[in-house]
Structure formats: C-alpha cells, structure tokens
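In case you want the letters, here they are:
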Amino acid sequence: MGSNQQRYDLIAVVFFFLLAMILEYREAFSLIEDETLSYRQILRTHYGDDFLTSPSEDVVIVFTDEAFYAEYDKYPLRRTDLSTLVLSLKEMGASVIAIDMLLDFNSAYGEDPTLADALEEAGNVLMVSQAEIEDGEYLALNTAIDRFSDVTNNGYSNISPNSAISESIVRLRIHEEMVNLFDAWPFAVEAVSMFLGEEPELAGGVLRIGPETEVQLDQFDEMYIDYPLLPGVTGGTAQLHEIIGISASDLLFVDDEEELEDLAFLVKGKIALIGEVAEVAHDEFETPVGNVYGVEVIANSISTILNNGPLKAASLVVELLLGFLLLAVFVGTRLIQAPFRRNSISIAVLLAYVVFTTYIYVSAGLVVSMSYLLMASIFSLIAINIRFYISEMGQKAMIRDMFGQYLSPKVVEDLVEDPRKIQLGGEEREMTAFFSDIQGFSSISEHLTPSELVQLLNDYLTDMCNIIIGYEGTVDKFEGDSIMAFWGAPAIQADHAKRACFASIDMNDRLVELRARAVQEGVPPLTVRMGVNTGSMVVGNMGSIQRMNYTIMGDAVNLASRLEGANKAYGSGMMISESTFRSCETDIDVRELDRIRVVGKNEPVTVYQLLGRKNQTVRAVADLVDQYSKGLDLYKAGDFGQAKSEFSRCLDIFDDDGPALTYISRCQAFIDNPPSADWDGVYTLTEKG
C-alpha cells in the first residue's frame, strides 16, 4: 500500500473531528447528547452541591391531579373555583400567583367576570401565554382573553425539545425576537421578574433580573434546566409536586379560614404555581430525570434562574481546546503499530474524556458536549483500525470485506476458498438483473415521523435482502427505497434467471404479509414494483482508485430498471423480460403483458407479469389469465371492440386487475382513434415510471 493510501485515515480523523466541532457548535443533532446529559444530571443530583440539587424553597405548586378530580367530580377546573384559589393564595401571602392554564377563550358558563375580579383584586397574577412560531418566524403571542390579560402579566410557555428525534426537555430557550416584537418573556423568567420586582434584560448571551440574578446562556440563548434530586418512593421516584406542592383540594374544600392560615407558611412569600398534574391534561414531558409535568418543568426553570443558572455551557474556546487535544491523541495513535497498545491508549483516552466531562458537570455545573467528540473519536478509531486491517490482510480478507455485506455466507466462503472465481476487473457475462421500487414512497413518508419512516424502511429492506441473499443473489445497492440486485456473479450460477424469479415471488409474498401487518398497525401499506431482465452485462469492480463498487453495467441492466418502472403503466407488480421468461419458463407461471418499447430503447421487447412458481398459481388467477389471453389475442388482431369486451370480463374475476384495466382504456382509445394501417402492436412508453 502506497504512502498516499496510508494517509487516508489521517484525512478521515481530521475530517471527523472538524465536522464534530462544527456540528457541536451548531447542535445539528441533540439526541445522543441529550442522553448523555440525562446520565450526568442523575449523577449530579446524587453527588452535586446539596444546596443546588435540592427542590427550591421559593416555589410551591398548587396542583390538580386525579385524586382532586375524583373529589371535585368534574373536569376541568371551573373558573369560579380558580378565582377562589387565586384569592386564597393572595390571602395566604403568595408573592406571585402563576397560573399555568391557557385561558384564551370565553367561558360558556358566565364565569369570566368572577375570575377577572379575583385576578384584579390579587394584583400579582401571572398567566401563561403561547408564542406562535412557525418555520423560524415569530407570528404572534397567544394570550388569555382580554379581560384576564388586562389585569395580569403574561409569560409564554413554549416547552419543546432541542432534537427532532429526542423529546427530552433539557433547556429553556429565551427567544430574543419575542422580547423585541411583543415584549414577552418565558413564563419562568416573568415569574422570577415579578418575584424579585426587577425587569429582565437579555444582552450578550446573559439573562439579568436585577443586580443579583444573572444567568449565563449558551449560543442559542438557552438555559440548561437544573433538575433537582427527588426522594425515592415505593414503585419509583417522587415527583416534584409531591415534595413542594399543595393539592388544590386543600385550598378549595376548607371549612373555615383557620385551615388556610395553618397552610399559609407553605405559600407565604413564594411563587405559587397553579397547574395540572393529571394524566387527562396530557401535559407530561420527558426530561433528563424522567417524565415530568409541565408545571414541574416551569418550577425547575424558576429554581434554576433563582440559583443564577448553575449549569453553564462551556465556552467555545474550551470546547475547541478539548477537540484539538483529542484530535492530537488520535493522530498520534496512527504511529503505533501494535493493535492492542494502540487501541488500549485510544479507549483509555475516551474513558478519561467521559469521566472528565462528567466530573466537571457534576461538581462545577460546566456543560461540555460529550457525544460529538465521542462519536468523532469512535469513527477515528474505526478508520485507523481499518487502515491497518486493509494494509495487513491478504486477498481472502479483502474478498470477505468486499462481498460479505451483500452475498450469502455460503457464496462468500466459496470465493474465499477459490478467489479465481471472481474477476477483479470488468467481465462480460450472461446474468439476471433485478430492480425494485416502492410505489408512492414520497406520499407514504409524509404520513410518518422520521423515526417511523426509518424503521419502516429498515424492516422492509431487511426482509427483502434476506430473501435475495437466501437465493444467493448479490445486493448491489440501495437508492432510498429502491433495491438493485443481480444473479450470476461473482460465482457463476447457471440458473440465475430462475433464482431471480423465485426471489421476486417470495418477496411479493412477503409484501402481502407486511401489508396485512401494516393495516393492523395503522401504518401505510407498501406496494412494490419489480423489474427483472436476463442478458449480457458487464460485472466487476468499478469506480475510482479511492472507491470501488462491485456492480453491473450494460443495456440489459438498463432494461431491467425500465421494466420496474413500466409496471406503472400496467398496474402490475412483477415484470420480467422475454429473455428471463425463456431462461426458466418450465419453472414459472406468467401472463404476457405486451410488446413494448421502453424509454431510451428502439428495439421492442415482449414483457410478462410474473405470477408464481410453475403450477402453483391459484385457480382464480389461472381463470383470469385464460380470459385475459382471449382479449390479448383479439387486441393483437386489431379487433379492439371485441377485445375490450373480453378484457371487461376479467374484471368479473378481479375488479382491480391492472393489465385488464389498462387494455380496456387502450382499446377504447383505439376505437375512438384507430391506429394506422401499419400498426405493429408495439406500445411505446413515454416515461420511465
């Protein structure tokens, strides 16, 4: 291996780390990082500063839960009763009464005047609002109705995760645009502002509320929420409202004022949050310490602000310094030939990095991104080992590496035993090519989340490839939802056409099962089109010196691809060429579809719909083929009227038979506009499919 090739891993290592630093700063994906924060936060709650990891003493949650509603015997909380809660809390000495209920509609029971009077009388009420943000554009602030908002403050509560995949609530974002456009702050910020009697300010990535409260934000103006340690209870961990909360029933269902006076010490001088912790409210979120109700997230955010934001994102300089230190380590390990020593040093450095970032998070609250550099390190470790592996292994290892991913183990071992069976350059050979594609995949993807789409596609491709490999086929490549495969190479297979057809039949049968399961699971069912052609094609390692792929090329390959798309014109699922049919006609049942010219080809080809293994076609399908053949013979003879009648009878057997419907439409077109006298019966496709 030349010196240029030996530098590939160096380029890869530098690339991985530089990419990781860029992605880290932009936080291009947060799923794995949020998971690392979860573990670090749990450790922090157990081993961090007790003062910072204890629930706030300045916040109390007045909650409505299942037990409350069972006693209350109605849902939701009536506004007249909410007014009672507000006045009770004011009487008990609450510094701020923060209502985590979006009251943006008028009551149908005439309760609004009573609540409005209570809010005005209390004078220290904060009501939740909602920022309307769409595609990064700040549209409006959805507040409570005017009669409430005129006598209260408001703060928006747009609680959302950082990752499109993860749903964990790790940070509170302060939208500067909301401040500039609507003079609106997050609910927690506004609550602290009212509590301290100071206006909030946002400047230079720092949130200030008065002279003594200052929170360092990250580059996106986000504050890390410091979730506290909660005691264990039977069956799990206590929730925050169970520790610093009062049930609304304790304030509503009282016999005299003395009961409220007895509870006043729990509320006096504090921020009283009124919110739902009942499952029926659907206000529960994932966090680094487990599922937490929305009002509890707000309480933790308030506590974090009052503690001056103990969790602080590391500066760009610190992040870059750590990144370049790790980069230097892995560049240095390239010089170590002994694999055990090289990998031991790399793994030890990685473990030290994990321990270090965890320690400073737990002890000092310094948040250093872990996952990005960790993944860069892992990828670098892999790249370096691959370089050593490739340089040290011989031809047999190279063959295993080249073919093991898309050939059956039996074929791979056969090639390893006798490498002469593979032509490492280009070789012309009679083979069978296969193409498949999911019909309407774009529309299917619109109905699924990214994770659901990936899972669906992975399950589908796994099942299909298992069948291909089971017939000792070669999976050439995936292009999105498309599969390209072939039979007849690298090992010579005299029955390559039969194998391709049998694999297609089994894949189609498997799709029937997948569609049935999809209906049960409520996901879009998959309809797949397949094209198969047998002919002379070039097979071998093709590409550049830097990157090669064992693949096939040639007109016969292109025709297989066109046949897959041609299914669309006939409503068929499996289309094979005449050459494939003639190669294994004693093994399969087919239906002749047409004689066509595909896009980009002048020579016509007869195509067939693959139905099943020989003599295994069900009776109804056999009857359909017999009836269809009558119509096809008449169509070829130019008797379009009678042909249409015969094709129409096919619909009595299967009312959605694609080929019959296609010919009915075509016959009618020829009846209306007869073809020229020299019509040869060949149909020219105008699109690829």
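Each chain carries its own residue numbering, running from 1 in the direction its sequence is written. Owing to the predicted nature of the model, reporting of local features is limited to residues with pLDDT of at least 70; listing and counting of side-chain atom pairs is limited to 80 or more, with chain, interface and lining totals taken over all residues. For side-chain calculations, the full set of non-hydrogen atoms in the structure is used, while hydrogens and water are omitted.

Thoughts on the pairing of strand β8 (residues 206–209)
Convention followed: Whether two strands pair depends on DSSP finding at least two bridges between them. Numbering of helices and strands runs from the N terminus; a helix is a DSSP stretch of H or I covering at least four residues, while a strand is a stretch of E covering at least two.
Pairing of strand β7 (residues 200–203) with β8, which is carried by four bridges, proceeds in the antiparallel orientation. Across the sheet, leucine 202 pairs through a bridge with leucine 207, a residue of β8. Hairpin connection between β7 and β8: a loop of two residues separates the two successive antiparallel strands, and glycine 204 in this loop has a positive phi of roughly 60°. Pairing analysis gives three bridges linking β8 to strand β9 (residues 214–216), with the strands arranged antiparallel. Opposite arginine 208, over in β9, you have glutamate 214 as the bridge partner.

Some thoughts on the packing of aromatic side chains
The line we're drawing: Note on ring pairs: Phe, Tyr and Trp rings are taken, using the six-membered ring of Trp, and paired if centres are within 6.5 Å. Classes follow the plane angle, with under 30 degrees stacked, over 60 edge-to-face and the rest tilted. Remark: exposure states derive from per-residue accessible area (1.4 Å probe, protein chains only) relative to the maximum for the residue type, with buried under 20%, exposed over 50%, and partly exposed in between.
Applying the stated rule across the entire model yields 21 aromatic pairs. Ring geometry for phenylalanine 68 against phenylalanine 253: centres 5.9 Å apart, planes inclined by 10°, an arrangement best described as stacked. A residue pair is termed long-range when its members are at least 10 positions apart, and phenylalanine 68 in helix α5 (residues 66–72) and phenylalanine 253 in the loop between α12 (248–252) and α13 (257–263) qualify at 185 residues. Looking at phenylalanine 68, the relative accessible area reads 1%, which means it is buried.

Regarding the environment of asparagine 385
Note the threshold: Residues count as neighbours in contact if any of their non-hydrogen atoms are within 4.5 Å of one another. What qualifies as a polar contact is a pair of N or O atoms within 3.5 Å, subject to a donor-acceptor requirement within protein and to the restriction that residues adjacent in sequence count only when both atoms come from side chains.
By secondary structure assignment, the location of asparagine 385 is in helix α17 (residues 371–392). Sequence separation between asparagine 385 and serine 30 is 355 residues, and the spatial gap between their C-alpha atoms is 28 Å. Beyond its immediate sequence surroundings of up to four residues, asparagine 385 is in contact with Arg342 and Asn343. A distance of 2.7 Å separates the side chain of asparagine 385 from the backbone oxygen of leucine 381, its partner in a polar contact.

With respect to the nonpolar core
Quick reminder of the rule: Take the buried Ala, Val, Leu, Ile, Met, Phe, Trp, Tyr and Cys residues and link them wherever side-chain atoms come within 4.5 Å; each set so joined is a nonpolar core.
If you look at the biggest cluster of nonpolar residues, it comprises 41 residues, and the most contacted ones within it are Phe434, Tyr460, Ile576 and Ile588. Looking at this core, the element that brings in the most residues is helix α21 (residues 450–470), giving ten residues. Excluding residues that lie within four positions of it along the chain, isoleucine 588 makes contacts with Cys501, Phe502, Ile576, Phe581, Leu610, Gly612, Arg613 and Lys614. Listed in part, the 40 residues of the second largest apolar core include Ile61, Leu172, Leu273 and Val292.

A word on a nonpolar patch on the surface
The criterion, for reference: Candidates for patches are residues over 30% relative accessible area with no salt bridge; among them, like charges are joined within 9 Å and nonpolar side chains (Val, Leu, Ile, Met, Phe, Trp, Tyr) within 5 Å. Only the protein chains shown count as cover for residues, and all accessible areas are computed by the Shrake-Rupley method using a 1.4 Å probe. Between Lys or Arg on one side and Asp or Glu on the other, a salt bridge is scored when a side-chain nitrogen of the former is within 4 Å of a carboxyl oxygen of the latter.
A contiguous nonpolar patch, built from Ile378, Phe379, Ile382, Ile386, Tyr389 and Ile390 and spanning about 530 Å² of accessible area, is present on the exposed surface. Within the secondary structure, phenylalanine 379 is located in helix α17.

Looking at helix α23 (residues 555–570)
The line we're drawing: Every helix has an expected span of 1.5 Å times one less than the residues it contains. What the bend at a residue measures is the angle between two axes, fitted to the seven residues ending there and to the seven starting there.
Along its 16 residues, α23 runs 23 Å from first to last C-alpha, staying within 8% of the 22 Å computed at 1.5 Å per residue. In α23, a bend of some 30° at glutamate 564 exceeds every other bend along the element. Every buried residue of α23 is listed here: Ala556, Val557, Leu559, Ala560, Leu563, Glu564, Gly565, Ala566, Asn567 and Tyr570. Downstream of α23 by a residue or two, glycine 571 has a phi angle that is positive, lying close to 65°.

Considering helix α10 (residues 187–196)
Of all ten residues making up α10, seven are buried, and the element is well covered by its neighbours. Glycine 197 sits one or two residues past α10 and shows a positive phi near 70°.

Here's the deal with the state of the cysteines
As a reminder, the rule being used: Disulfides are defined as cysteine sulfur pairs within 2.5 Å.
Considering all chains together, one arrives at zero disulfides under this definition. Note on cysteine 465: no disulfide assigned, nearest cysteine sulfur contributed by cysteine 501 at a separation of 18 Å. For cysteine 465, a relative accessible area of 9% translates into the label buried.

Re the sheet that holds β7
Heads up, the rule is: All axes are obtained by fitting lines to C-alpha atoms, using only the stretch in contact for helices, and the reported angles, taken between N-to-C directions, cover 0 to 180 degrees.
The three strands lie next to each other as β7-β8-β9, forming an open sheet whose pairing is antiparallel. In this open sheet, the two strands that pair with only one neighbour each are β7 and β9. Taking the axes of each pair of neighbouring strands and ignoring which way they run, one obtains an average angle of 15° across the sheet.

Some details on the side chain of threonine 358
Residue position: threonine 358 is located in helix α16 (residues 339–364). Here threonine 358 falls in the buried class, since its relative accessible area comes to 14%. Beyond its immediate chain neighbours, meaning those up to four positions away, threonine 358 contacts Arg40, Leu43 and Met370.

Points about a negative patch on the surface
Let me state the cut-off plainly: We score Asp and Glu as negative and Lys and Arg as positive, and we do not count His or the chain ends. Here the site of a charge means NZ on Lys, CZ on Arg, CG on Asp, or CD on Glu.
There is a patch of like negative charges on the surface, built from Glu71, Glu91, Asp250, Asp255, Asp256, Glu257, Glu258, Glu259, Glu261 and Asp262. Looking at which element gives the most residues to the negative patch, the answer is α13, with five residues. Within the fold, aspartate 255 resides in the loop between α12 and α13. Aspartate 255 sits in the exposed class, given a relative accessible area of 73%.

Details of the pairing of strand β26 (residues 605–613)
Burial within β26 is extensive, with seven of its nine residues counted as buried. Where strand β24 (residues 574–577) and β26 come together, three bridges link them in antiparallel fashion. Each bridged residue has a counterpart across the sheet, and for methionine 575 the counterpart in β26 is glutamine 609.

Regarding the packing of helix α26 (residues 640–653) against helix α27 (residues 658–672)
Using the following cut-off: Working rule for angles: under 35 degrees goes down as roughly parallel, over 145 as roughly antiparallel, 65 to 115 as roughly perpendicular, anything else as oblique. Here a crossing is called left-handed whenever its near helix is offset anticlockwise from the far helix by less than a right angle, and right-handed whenever the offset is clockwise. The residue classification treats Ala, Val, Leu, Ile, Met, Phe, Trp, Tyr, Cys and Pro as nonpolar and Asp, Glu, Lys and Arg as charged. All others, Gly included, are polar.
Where α26 meets α27, the closest approach of the two axes is 9 Å, and the angle between their N-to-C directions is 160°. Classed by the angle they form, the pair α26 and α27 counts as roughly antiparallel. In this structure, α26 crosses over α27, and the sense of that crossing is left-handed. On α27, the residues that touch Phe640, Gly641, Ala643, Lys644, Phe647, Ser648, Cys650 and Leu651 of α26 are Ala660, Leu661, Tyr663, Ile664, Cys667, Gln668, Phe670 and Ile671. Partitioned by chemical class, the residues of the contact of α26 with α27 number twelve nonpolar, three polar and one charged.

Focus: the confidence of the model for the chain
The condition that has to hold: Each residue gets a pLDDT score, which is the predictor's confidence in that residue and runs from 0 to 100.
Of all residues in the chain, 92% have pLDDT values of 70 or greater, and the mean over the chain is 88. Low pLDDT, under 50, characterises residues 1–5; the predicted model gives this stretch three contacts beyond four residues in sequence or across chains.

Regarding the side chain of threonine 432
Note that threonine 432 resides in strand β19 (residues 427–438). Within polar-contact distance, the side chain of threonine 432 engages the side chain of histidine 496 at 2.7 Å. If we ignore the near neighbours within four places in the chain, the residues touching threonine 432 are Ala485, Phe486, Trp487, His496, Ala497, Ala500, Val532, Asn533, Thr534 and Met537.

Side note on the environment of glutamate 687
Looking at where glutamate 687 falls in the secondary structure, it is placed in the segment after β27 (683–684). Sequence separation between glutamate 687 and alanine 264 is 423 residues; the distance between their C-alpha atoms is 78 Å. Those residues in contact with glutamate 687, other than ones at most four positions away along the chain, are Lys568 and Val599.

Describing the pattern of salt bridges
Side-chain pairs of opposite charge can arise whenever the charged atoms involved come near each other. Following the criterion strictly, the structure yields 27 salt bridges and no others. With a closest N to O distance of 3.0 Å, arginine 334 and aspartate 9 form a salt bridge. Here arginine 334, found in the loop between α15 (316–333) and α16, pairs with aspartate 9, found in helix α2 (residues 8–26); they are 325 residues apart in sequence, far enough to count as distant. Overall, arginine 334 belongs to the buried group, its relative accessible area being 11%. Here aspartate 9 falls in the buried class, since its relative accessible area comes to 2%. Among the charged side chains, a network of salt bridges with common partners joins Asp9, Arg334 and Arg387.

Quick word on unusual backbone geometry
Of note, the amide linkage connecting tyrosine 75 to proline 76 takes the cis form, showing an omega dihedral of 0°. With respect to the secondary-structure elements, proline 76 resides in the loop between α5 and α6 (79–91). The backbone phi angle of histidine 282 is positive, close to 55°, even though this residue is not glycine. With respect to the secondary-structure elements, histidine 282 resides in the loop between β14 (271–276) and β15 (284–287). Histidine 282 gets classed as exposed once you look at its relative accessible area, which sits at 70%.

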